[in-house]
Amino acid sequence: MNYPHPLIAPVIELALKAGAAILPFWRANVEVVQKADESPVTAADMAAHDVIVAGLTALAPDIPILSEEDANIAQSERATWKRWWLVDPLDGTKEFISGSEEFTVNIALVEEGRVVFGVVSMPTNGRFYVGGAGLGAWRGDKNAEPLPIAVRNVLAPGEVFTVVASRRHTSAEQERLLAGLSESLGALQLTNIGSSLKFCLLAEGAADCYPRLAPTSQWDTAAAQGVLEGAGGEVLGLGGEPFCYPPRESLLNASFLALPAKAAWRGKLLELARA
């Protein structure tokens, strides 16, 4: 397939290659090490990291790389970057450790703080998602031609408003927001899923909203944000501002809302988020 950006196809191949490096460790007796922030890391994370860094360096040696597994780069250096790769070699490490299939490889190209495009791959089945604002979005696998995907801005008769959430992370603020949505829109269906797949469900029209009022890191979200934006969605701060990735000192994200850009209920969601 001829993608609308020259780096998309090789990055898809690289994400699939990184997934293949992860699989020998999946559902094996892999050692788990706690990092300084108490998040887990395994040999699978590092194997994928090594594959991605080598591949991206060969592909575009002039573009620096910020990976979860090599994030100790001074803000003063990052502030000089115009374009960079934002990478999570294994997003959903806790899901991976538990034996779940809900972990991904995330690779995003960022320019001036905005996502150009992102690739999200699922190592266990070879599925991938790719997209970027103004470029479009696709879902494919290693054995089939990718197909375009799009958000659903309007519910068809019989469809239920579906909110996607993390299996492991919520907050009192998020629960209040969901209660307000339910009062305004009726009964909600909650779908719990791990890793960046939450964004991908929205992008392919299988869910309607992903509010996140609990901590994430930049590499958790950037690639899948690209997919969602390419599919006609958007990611906003709670004040309605576009969600971006400036080279600030902290690599933690603020709270955000992921949704279809033309949803009729968009204004109500922002009203609830500001309350």
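This text gives an overview of the structure that appears in the document.

Rules and cut-offs
- Residues numbered from 1 in each chain as written.
- Predicted model: local features only at pLDDT ≥ 70, side-chain atom pairs only at ≥ 80, totals over all residues.
- Heavy atoms only, no water.
- Phe/Tyr/Trp six-rings, centres within 6.5 Å; stacked < 30°, edge-to-face > 60°.
- Helix = DSSP H or I, 4+ residues; strand = E, 2+ residues; numbered from the N terminus.
- Buried < 20%, exposed > 50% of the residue type's maximum accessible area, 1.4 Å probe, protein only.
- Axes fitted to C-alpha atoms, helices over the stretch in contact; angles between N-to-C directions.
- Left-handed = near helix turned anticlockwise from the far one by under 90°.
- Contact = heavy atoms within 4.5 Å.
- Nonpolar A, V, L, I, M, F, W, Y, C, P; charged D, E, K, R; others polar.
- Core = buried A, V, L, I, M, F, W, Y, C linked by side-chain atoms within 4.5 Å.

**A look at the packing of aromatic side chains**
1) Next: Here the structure, examined in full by the defined rule, presents 11 aromatic pairs.
2) Next: Geometrically, the ring pair formed by Tyr210 and Phe256 is edge-to-face, given 5.4 Å between the ring centres and 85 degrees between the ring planes. Separated by 46 residues along the polypeptide, Tyr210 in strand S12 (residues 210-212) and Phe256 in strand S14 (residues 256-260) bring together distant segments of the chain.
3) Next: The exposure class assigned to Tyr210 is buried, which follows from its relative accessible area of 2%.
4) Next: Here Phe256 falls in the buried class, since its relative accessible area comes to 0%.
5) Next: Both rings, one in Phe243 and one in Tyr245, keep their centres 5.7 Å apart while their planes meet at 85 degrees; by these two values the pair is edge-to-face.

**Some words on the packing of helix H5 (residues 172-185) against helix H8 (residues 266-274)**
1) Next: Two elements in contact, H5 and H8, have axes whose closest approach is 10 Å; the angle formed by their N-to-C orientations is 140 degrees. The chirality of how H5 crosses H8 is right-handed. Contacts between H5 and H8 involve Leu177, Gly180, Leu181 and Ser184 from the first element and Lys268, Leu269, Leu272 and Ala273 from the second.
2) Next: Classifying every residue of the contact of H5 with H8 by side-chain character gives 5 nonpolar, 2 polar and 1 charged.

**Topic: the nonpolar core**
1) Next: In this structure, Leu66, Leu86, Phe199 and Leu228 are the most contacted members of the largest nonpolar core, which totals 38 residues.
2) Next: Listing elements by their share of this core, those giving two or more residues are strand S4 (83-91), strand S5 (104-111), strand S6 (114-122), helix H6 (197-203), helix H7 (218-230) and S14.
3) Next: Those residues within four positions of Leu66 in sequence are excluded, and the remaining contacts are Ala71, Ile73, Arg78, Trp81, Trp84, Trp85, Leu86, Val87, Gln218 and Leu251.
4) Next: If you look at the next biggest cluster of nonpolar residues, it comprises 34 residues, including Tyr3, Ala44, Ile63 and Phe117.

Everything listed is a geometric property; what it means functionally is a separate question.
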